[in-house]
Amino acid sequence: MASGKDQTSKNGKKEEPAIRVGFFQLFRFASCREICMMIFGSICAMIHGSAQPLMLLVFGMLTDTFIEYDIELNELLDIEYEMTNFAYYYVGIGAGVFILGYLQISLWITAAARQIQIIRKMYFRKVMRMEIGWFDCTSVGELNTRMSDDINKINDAIADQVGIFIQRFTTFVCGFLMGFARGWKLTLVIISVSPLIGVGAGLMALLTGLELQAYAKAGAVADEVLSSVRTVAAFGGEKKEVQRYDRNLISAQRWGIRKGLIMGFFTGYLWFIIFLCYALAFWYGSSLVVDTQEYSPGTLLQVFFGVLIAALNLGQASPCLEAFASGRGAATIIFETIDREPEIDCLSEAGYKLNKVKGDLEFHNVTFHYPSRPEVKILDQLNLQVKSGETTAFVGPSGAGKSTAIQLIQRFYDPKEGMVTLDGHDIRGLNIQWLRSLIGIVEQEPVLFATSIAENIRYGRPGVSNDDIITAAKEANAYNFIMDLPQKFDTLVGEGGGQMSGGQKQRIAIARALVRNPRILLLDMATSALDNESEAVVQDALDKVRMGRTTISIAHRLSTIKNADVIVGFEHGRAVERGKHDELLDRKGVYFTLVTLQSQGDKALNQKSWALAHTLKPSGLPDDDSEEVEPAPVARILKYNAPEWPYMLFGSFGAAVNGGVNPVYSLLFSQILAVRFLPTFSMPDPVEQRREINGICLFFVVVGLVSFFTQMLQGYAFSKSGELLTRRLRRLGFHAMLGQEIGWFDDHRNSPGALTTRLATDASQVQGATGSQIGMIVNSLTNIGVAIIISFYFSWKLTLVILCFLPFLALSGGFQAKMLTGFAKQDKDAMEAAGQISGEALNNIRTIAGLGKERNFVEMFEVQLEAPYQAALKKANVYGACYGFAQCVVFMANSASYRFGGYLVYREGLHFSFVFRVISAIVTSGTALGRASSYTPDYAKAKISAARFFQLLDRIPKISVYSNEGDKWDNFKGDIEFIDCKFTYPSRPDIQVLNGLSVSVRPGQTLAFVGSSGCGKSTSVQLLERFYDPNNGRVLIDGRESTRVNAAFLRSKIGIVSQEPILFDCSIAENIRYGDNQRELSMDDVIAAAKKAQLHDFVMSLPEKYDTNVGSQGSQLSRGQKQRIAIARAIIRDPKILLLDEATSALDTESEKTVQEALDKAREGRTCIVIAHRLSTIQNSDIIAVMSRGYVIEKGTHGYLMGLKGAYYKLVTTGAPIS
């Protein structure tokens, strides 16, 4: 049946892609037991829902009794006895409510907990079965969020919210039914007005989305600037960008203020309508009671409150609908994943296992592209044989498809065309787990799991004995270093193996591969990340174990390849050459190029692929490291908001008046009772009576109007102060971000995306701690204050009795509000351990798949789910009890106060209307107090956001752009000298990029850097720009140390043209002007620069000439055009030093000529540093420096280097590309 219903709702809901799961499908994992619990919970909720209207019946009877007593003047009625009876009624209803509330909540939560546990298990199990290609298209961070947040959203949608929704809805229905049953005329009159209330509530919810859209524009500016922060820094555009950002913030600020005003308007409108309703109902109702005698006064109250409560409950039920919607949205993705069949199912039993494996591998016409980048062909008709027992080495530039071939052998992917065979069998027909168990793999960045060394090795093969582990460790040359550790094999390796050095990790990984005793050994750059010493050891281990196995080795260091049986050269996804070391050298192909670059006295790694492997390294869980911050002190937040004090003053005034409205209303209410229903005695004259009634109704309208205006005032004033604060913080934050040194942006926590979200959300959350917060506090205080004053005035004894209940009432109000927002936080903590396992598993999915360990992780995960499940069950009980208590406390308070009130009326002749006044004043204000405590926009969140912000504002950058300290001098010559510079990037401290670079350029000379990628050419340029400072050694500029020079001054003397110039999304003229942000540039300056850059003619041919917009990142222009704009931008500042970082490498020959001419013109009379890959661009330089692995191996003029017959000579004569 479920599947049938599934089908219809799926087809019916095809149009809206966001939510494809019907509400009842959320319960598809419920067993019989859960379904029974949910049904029983719903029944409880329904009975509970009818309790409030029931209470009104009692209340009506009570009123009638009081009035009767007043009329008969205590002759016939024993008032105390009657009151005691009513008190019992209240206690009874209260007790019932407590039990029902408890059952309703705990049953729903328990049932949900079971289902959520099942969903979590199913989801994780299915994710672990997905093919690797699926992970390429889905980020790990996203999966982690789905595991926690999305499933929590489903939980919110199927747990207590359903019960509460049913309860509120029942109250709504019962309230109206009671109204109709007791007095249909009045009910109809009131209903006719109630749509107005609904409209207000609906519109308020609609508005929240609009403000963020208004911020989008400023967000786009921030994103653009932060993504190209190096360009901004190079051209000193920080201040300019901050102003541009600030200009764009204005629209967001306007929206925010408008939103505050509208919110205030609607809140005011809501109260206004409610008061008008009161006036109308009492006016019409009193005529029914007095003139036509249709109703008793009690009936009037029952009808009136019945309808009112019904309307209010309908309003309170709407947040539940929101929870249902977001639950269905979250379930869409999760259920689709659960229902998706993996293309390569690693846990399937299908496929056959060969009895005997020789180990011959062959690729037949394999074509392949990664599912995440279908437009890039990685392998193109690859044909390749790997014979068993031989060692085959794959070499070639990065991106040629070497690692991809290895992943196809492991069957992480299936080829698009062609096939991979093992001993002549297509591997798609073999059992996956069995196939992967034949393969041992050692990667460049081995992944270790956060357990002991022995366990890590044991991952290689289940059930392996300790002797085997020790043998494997010995073979991998790991035994000795392990035995030196204090805990030997039981040493924990830390998260991701963080406690171990690179060489140790590699050797543990090799031991792990060996313990499987694999037929096929895959070594993917297994030694490239090591220093020479550990490399020798690891290499030694690898040579030992290659014997008698089919081995494929990918390497960039020749020492590791020379002794392979066969070397295969890859290029553009094909195997272009194959043979032994000497044969291939004679062919002068791919292999030859690689050898030439390396044999030059250093085994320079072709580091590019390597740098890539490093930047892509999954560093722990990048999503969870919002470092713990202490919430910021409110005083400091208020200090930033100080200029807005008049707004805050007005807002507080508005809030104070609003607080007083509630108790005043209860006063009016009892006044009505007292006046209206004593026709016999107090006012025999109907005219007089009518006038009195009209007066009261008019007073209601006045209170409504006052409330309306003060709500608007409060809303406007606080939103104005809050938005000004947000804008100020955003500007300061952005200013602070642009002032950080470039190294700060390399940290993945400070990626452009993360920073822009921080500006968007953190800044706007901070206002939760200032304006509206103050408003809330003032509101509650006046509310309670006025209520207590009124009550004490009328009857201090009764007031004291009720005050005992006040704390409970406040608690109950607060708790109910908390209910609406949900208890997601506690669930998160319980999920911590399970989250660590799933995080580790998803981050290292390739390793786990290679080892065939998916099942273990699924089992570990399921064990960890037990704790959150138990926590949820415990929560169900506590939470149910709290809810029951919160619901019943009002009944108890009423019961006690009416009982005591009756006693006072009887004994001390207190007028009964006073009893009503006191009770209603305090009870309403008590619940209001609780509500208020909850409506505060998340106060704690605001303080933490503020703290994160202040952390940013307080950070002192290592290289400050804004400071005026440091040397500046007038006759800047441009004399540059690098002395023994050593440098590592702060984000990758384990890689030495510069290794003692020494080179100098005199003013006016041109220096060219040549070398393979990753040898430190671009890095030296960044040191000169002072994006970074060297770790050791010095950079001298005009004989002064760069670290002492003012950064902004230094950068203003340098023009830079990079390989991929970054243009901003504005006109061509503005982009060129960007070159000099120190002064205002006239159009003539722009044109002069454009002419020098051979750009002028092209610009004049465009329809809008210099006002043409270049599109985001210059997308409207060709590369040559962008390059020339960048040159003009560099020339316009008239720099003393010109840096050309591969400025022509991306161009075709035609545009290269034009750009090259422009560059030659620009170089005249300036110190110039050129990085280039094409020799034609270098030959006429004054000094050519050939770099490798971070230092200069030869330098001199073209002629001199050709004479040396060294590395440079080889490169020029073979005409090989230099990277």
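Residues numbered from 1 in each chain as written. Predicted model: local features only at pLDDT ≥ 70, side-chain atom pairs only at ≥ 80, totals over all residues. Heavy atoms only, no water.

- Identification of the protein chain as Bile salt export pump from Cyprinus carpio is taken from an unreviewed UniProt entry.
- Quoted verbatim from the Sequence similarities (unreviewed entry) field of UniProt, the annotation for the protein chain is "Belongs to the ABC transporter superfamily. ABCB family. Multidrug resistance exporter (TC 3.A.1.201) subfamily."
- Its UniProt record gives the protein chain a comment under Subunit (unreviewed entry), which states: "Interacts with HAX1. Interacts with the adapter protein complex 2 (AP-2) throught AP2A2 or AP2A1; this interaction regulates cell membrane expression of ABCB11 through its internalization in a clathrin-dependent manner and its subsequent degradation." (UniProt positions renumbered as here; feature names shortened; annotations may be inferred.)

**Description of the packing of helix H39 (residues 1083–1092) against helix H41 (residues 1119–1132)**
Part 1 of the argument: Contact geometry of H39 with H41 gives a least axis separation of 8 Å together with a crossing angle of 125°. In terms of axis orientation, H39 runs oblique to H41. Considering only the axes of H39 and H41, their crossing is right-handed. Note on element contacts: H41 touches H39 through Ala 1128, Ile 1131 and Ile 1132, opposite Asp 1085, Val 1086, Ala 1089, Ala 1090 and Lys 1092.
Part 2 of the argument: By residue class, the composition of the contact of H39 with H41 is 6 nonpolar, no polar and 2 charged. (Axes fitted to C-alpha atoms, helices over the stretch in contact; angles between N-to-C directions. Helix = DSSP H or I, 4+ residues; strand = E, 2+ residues; numbered from the N terminus. Parallel < 35°, antiparallel > 145°, perpendicular 65-115°, else oblique. Left-handed = near helix turned anticlockwise from the far one by under 90°. Contact = heavy atoms within 4.5 Å. Nonpolar A, V, L, I, M, F, W, Y, C, P; charged D, E, K, R; others polar.)

**Here's the deal with the packing of aromatic side chains**
Each aromatic ring pair is specified by the distance between its two centres and by the angle formed by the two planes.
Part 1 of the argument: Per the counting criterion, the structure on display carries 25 aromatic pairs.
Part 2 of the argument: Ring geometry for Phe 165 versus Phe 324: centroids 5.6 Å apart, planes at 80°, classification edge-to-face. With a gap of 159 residues between them, Phe 165 in helix H7 (residues 160–182) and Phe 324 in helix H11 (residues 297–339) connect regions that are remote in the sequence.
Part 3 of the argument: Ring plane angle 80° and centroid distance 5.1 Å describe the contact between Phe 983 and Tyr 985, whose orientation is recorded as edge-to-face.
Part 4 of the argument: Judged by its relative accessible area of 2%, Phe 983 is buried.
Part 5 of the argument: What makes Tyr 985 buried here is its relative accessible area of 11%.
Part 6 of the argument: Through successive ring pairs, a cluster of aromatic residues spans Phe 165, Phe 169, Phe 172, Phe 176 and Phe 324.
Part 7 of the argument: Over the ring of Phe 335 we find Arg 28; its NZ or CZ atom is 4.7 Å from the centre of that ring.
Part 8 of the argument: For Arg 1040, the ring lying beneath its charged end belongs to Trp 969, and the centroid distance is 4.2 Å. (Phe/Tyr/Trp six-rings, centres within 6.5 Å; stacked < 30°, edge-to-face > 60°. Buried < 20%, exposed > 50% of the residue type's maximum accessible area, 1.4 Å probe, protein only. Lys NZ or Arg CZ within 6 Å of the ring centre and 35° of its normal.)

**Some points on the sheet that holds strand E11 (residues 976–983)**
Remark on secondary structure: sheet strands pair via backbone hydrogen bonds, oriented parallel or antiparallel.
Part 1 of the argument: Taken in spatial order, the 4 strands line up as E12-E11-E14-E15 in an open sheet, and their pairing is antiparallel. Each having just a single partner strand, strand E12 (994–1001) and strand E15 (1040–1041) make up the two edges of the open sheet.
Part 2 of the argument: As judged from the 5 bridges shared by E11 and strand E14 (residues 1032–1037), these two strands associate in the antiparallel manner. By the bridge assignment, Ile 979 is partnered in E14 with Arg 1034.
Part 3 of the argument: Running over the sheet, helix H36 (residues 1017–1024) touches E11, E12 and E14 and is turned about 115° from E11. (Pairing = 2+ DSSP bridges.)

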